[in-house]
Structure formats: C-alpha cells, structure tokens
Amino acid sequence: MKFLPISLLILALAMATAFAYDPSPLQDICVAIKDPKSAVFVNGEFCKDPKQANADDFVFMGFRKPGNTANPLGSKVTPATVMEFPGLNTLGISMARIDFAPGGLNPPHTHPRGTEVLVVIEGTLLVGFVTSNQLNNTLFTKVLYKGDVFVFPIGLIHFQFNTGKTPALAFAGLSSQNPGVITIANSVFGAKPPISADVLTKAFQVDKKVIDYLQAQFWYDNN
C-alpha cells in the first residue's frame, strides 16, 4: 500500500481549511429563520438584477461638500458604505470622509468588521490605536501631516484629533462594505436601555455619582 508524502497531506489539509469557512458577518446580528418568505436580510444586501444596473449605481457624490463640524466634537464623518453607496455590495470595501474643525476629535471608536487606512489631505492629526489585553493595551500613536497614511487594525479602539489651528481633512478606506462603528463613550454611557450603574461603577472603579453624571450626558454621534 502506497502512502502520500507528508507534504501532500499538509497541502490537502491546508486547502480544505481554506475552502471551509463561514462568510464574514456584514451586520451586527443575523438571526437564522426557517421561512425564507419572512426573511428581511441576507448576509449583506439583496442584489439588483445585473441586467438592470447602470453607471449611477457605481458613483457616490457625497464627498463633494465638507461635513458640518459645528457640533460638540468638532468633527463630522461622511460614510460611503453599502448603505449609502449600493454599488459596493459584495465588494468588501468602503470609504469615509472625515472633516475636523481646529481641535476637533473623532473620538475613540472601533470598526468591528473592517481595518481602516487613513490619509491626511489637509491639516495635522494626532492619531492612535490601542491593542488588545493580550498585548497589554499598548497605545500606538503618531502625529500625521498632509500626505501621511496610517492604518488602524480591525476591531481595535482608535481615534483622530486635530492638533492644528486650522481645519483638517482626511479620507479613510475600510476593508468591509459595512465595517460598523462602535463609539466607546456612546456605547458604554449612552446604551439604551442603560447599562446598570452598579456594573459600570464596579468596572471603572469610581463613585456611582460619576456614572450617574456620565449616563445623564448627551453623547453626540458624529457619523
């Protein structure tokens, strides 16, 4: 009886693993349903008949005008995900325009389904991301100038802050048609219904009055 060389067995196992995987999630939740007639979403968006597609499906004009930065954060994110740009469906990419007033902040947030690469078009930005607990929550930070590019790995908390005295502009590319956004302060202190104050008091190890104050604030969403 002949045996396959070990190298071929390893190759076969690797190929089987490569082709046996679940599709990446394209929304926060997607509960299975037995009756397809009652389904609302697929893992992504429903597709138009390709024969009915036209050039307008593949154009997004939302970046022509600057975002309104007259808000508590001094920043505005204009997304171009599959929700705003239907031609992106199934392509695994999206973009965003980010406008900053002087001192404007795109606050700490994560994209649960996408890596972000950011390029500075105008101004100066202090940017950074924090690694997971496994890497001791290490902060990687850098001051970026016009033309500089920085990458934020998928799922990690990151931010951008305009340290200059003039407005700043950046564009971001993301590795998902619907990368999602979780703004940390909004999610923790602005959850609906609210997270138990006892939980947050224990987690942050502060007085309950601090948690009550934070939960009573209006947490602005700049997206």
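Refer to the structure printed above.
Just so you know, these numbers come straight off a predicted model, no measurement behind them.

Enquirer: Mind showing me how you'd approach the overall build of the protein here?
Expert: For the protein, the count of helices and strands is four helices and ten strands. Each helix and strand of the protein, placed in order from N terminus to C terminus, yields the pattern α-β-β-β-β-β-β-β-β-β-β-α-α-α. The buried share among the 223 residues of the protein stands at 32%. Within the protein, counting contacts between residues at least 6 apart in sequence, those at least 24 apart form 70% of the total. Accessible surface, the protein: about 14,700 Å² in total, of which carbon and sulfur atoms supply 65%.

Enquirer: Looking at this structure, I do not really get the pairing of strand β3 (residues 105-110). What am I missing?
Expert: Consecutive residues of a regular strand have side chains that alternate between opposite faces of the sheet. Bridge count for β3 against strand β8 (residues 157-162) is three bridges, and the pairing is antiparallel. Counted as the bridge partner of asparagine 106 is glutamine 160 from β8. The pairing of β3 with strand β10 (residues 182-183) spans two bridges and is antiparallel. Looking across to β10, one finds that histidine 109 is bridged to threonine 183.

Enquirer: When you look at the sheet that holds β3 in this model, what are you seeing that I'm missing?
Expert: Strands belonging to one sheet form pairs held by backbone hydrogen bonds; the direction of such a pair is parallel or antiparallel. Read across the sheet, five strands follow the order β6-β5-β8-β3-β10 without closing on themselves; strand pairing throughout is antiparallel. Two strands lie at the open edges of the sheet, namely β6 (139-144) and β10, each paired on one side alone. Alignment of strand β5 (residues 125-130) against β6, held across six bridges, turns out to be antiparallel. Pairing of phenylalanine 129 across the sheet is with phenylalanine 140, part of β6.

Enquirer: So what exactly am I meant to see when it comes to the side chain of threonine 131 here?
Expert: Checked against the element boundaries, threonine 131 lands in the loop between β5 and β6. Among the polar contacts made by the side chain of threonine 131, one reaches the main-chain amide nitrogen of threonine 138 at a distance of 2.8 Å. Apart from residues no more than four positions distant in its own chain, threonine 131 is found in contact with Asn137, Thr138, Phe140 and Leu156.

Enquirer: Looking at this structure, how should I read the pattern of salt bridges?
Expert: Scanning all chains against the criterion turns up five salt bridges. Residues aspartate 28 and arginine 113 are paired through a salt bridge, measuring 2.9 Å at the closest nitrogen-oxygen approach. Note that aspartate 28 is positioned in the loop between α1 (6-19) and β1 (75-80) and arginine 113 in the loop between β3 and β4 (116-122), a separation of 85 residues in sequence. Between lysine 208 and aspartate 212 there is a salt bridge, with the nearest N and O atoms lying 3.1 Å from each other.

Enquirer: I tried to follow the side chain of asparagine 106 on my own but got confused; where do I start?
Expert: In this fold, asparagine 106 is placed in strand β3. Within the structure, the side chain of asparagine 106 is placed 2.7 Å from the side chain of glutamine 160, a separation counted as a polar contact. Looking at asparagine 106, its side chain comes within polar contact range of the side chain of asparagine 222, at 3.1 Å. Not counting residues within four places of it along the chain, the set of residues in contact with asparagine 106 comprises Ser75, Val77, Ile98, Phe100, Phe159, Gln160 and Asn222.

Enquirer: Hey, could you run me through the packing of aromatic side chains in this one?
Expert: Two descriptors summarise a pair of aromatic rings, namely the distance from one centre to the other and the angle between the planes of the rings. Applying the stated rule across the entire model yields eight aromatic pairs. On the numbers, 6.1 Å between centres and 55 degrees between planes, the contact of phenylalanine 129 with phenylalanine 150 is tilted. You can see phenylalanine 129 sitting in strand β5 and its partner phenylalanine 150 sitting in strand β7 (residues 149-152), a full 21 residues away along the chain. Judged on exposure class, the residue phenylalanine 129 and its partner phenylalanine 150 are both buried. Taken together, the ring pairs connect Phe60, Phe63, Phe85 and Phe171 into an aromatic cluster.

Enquirer: Any chance you could explain the nonpolar core here in plain terms?
Expert: It is characteristic of soluble globular proteins that their nonpolar side chains tend to be buried jointly. Ranked by internal contacts, the top residues of the largest apolar core, which has 16 residues, are Ile98, Leu118, Leu125, Val127, Leu144, Phe150 and Phe152. Setting aside residues up to four positions removed in sequence, isoleucine 98 forms contacts with Lys76, Val77, Asn106, Glu116, Leu118, Gln160, Ala168, Leu169, Ala170 and Ala172. Counting six residues, the second largest nonpolar core, distinct from the first, contains Phe63, Ala80, Phe85 and Phe171.

Enquirer: What's the story with a nonpolar patch on the surface in this structure? I'm lost.
Expert: Taken together, the side chains of Val117, Val149 and Val151 present a nonpolar region at the surface, about 230 Å² in accessible area. Summarising the element assignment, valine 149 is placed in strand β7.

Criteria and thresholds
- Residues numbered from 1 in each chain as written.
- Predicted model: local features only at pLDDT ≥ 70, side-chain atom pairs only at ≥ 80, totals over all residues.
- Heavy atoms only, no water.
- Helix = DSSP H or I, 4+ residues; strand = E, 2+ residues; numbered from the N terminus.
- Buried < 20%, exposed > 50% of the residue type's maximum accessible area, 1.4 Å probe, protein only.
- Contact = heavy atoms within 4.5 Å.
- Areas by Shrake-Rupley, 256 points an atom, 1.4 Å probe, with all protein chains shown as cover.
- Pairing = 2+ DSSP bridges.
- Polar contact = N/O pair within 3.5 Å; in protein donor to acceptor, adjacent residues only side chain to side chain.
- Salt bridge = Lys/Arg side-chain N within 4 Å of Asp/Glu carboxyl O.
- Phe/Tyr/Trp six-rings, centres within 6.5 Å; stacked < 30°, edge-to-face > 60°.
- Core = buried A, V, L, I, M, F, W, Y, C linked by side-chain atoms within 4.5 Å.
- Patch = residues over 30% accessible without salt bridge, like charges linked within 9 Å, V, L, I, M, F, W, Y side chains within 5 Å.

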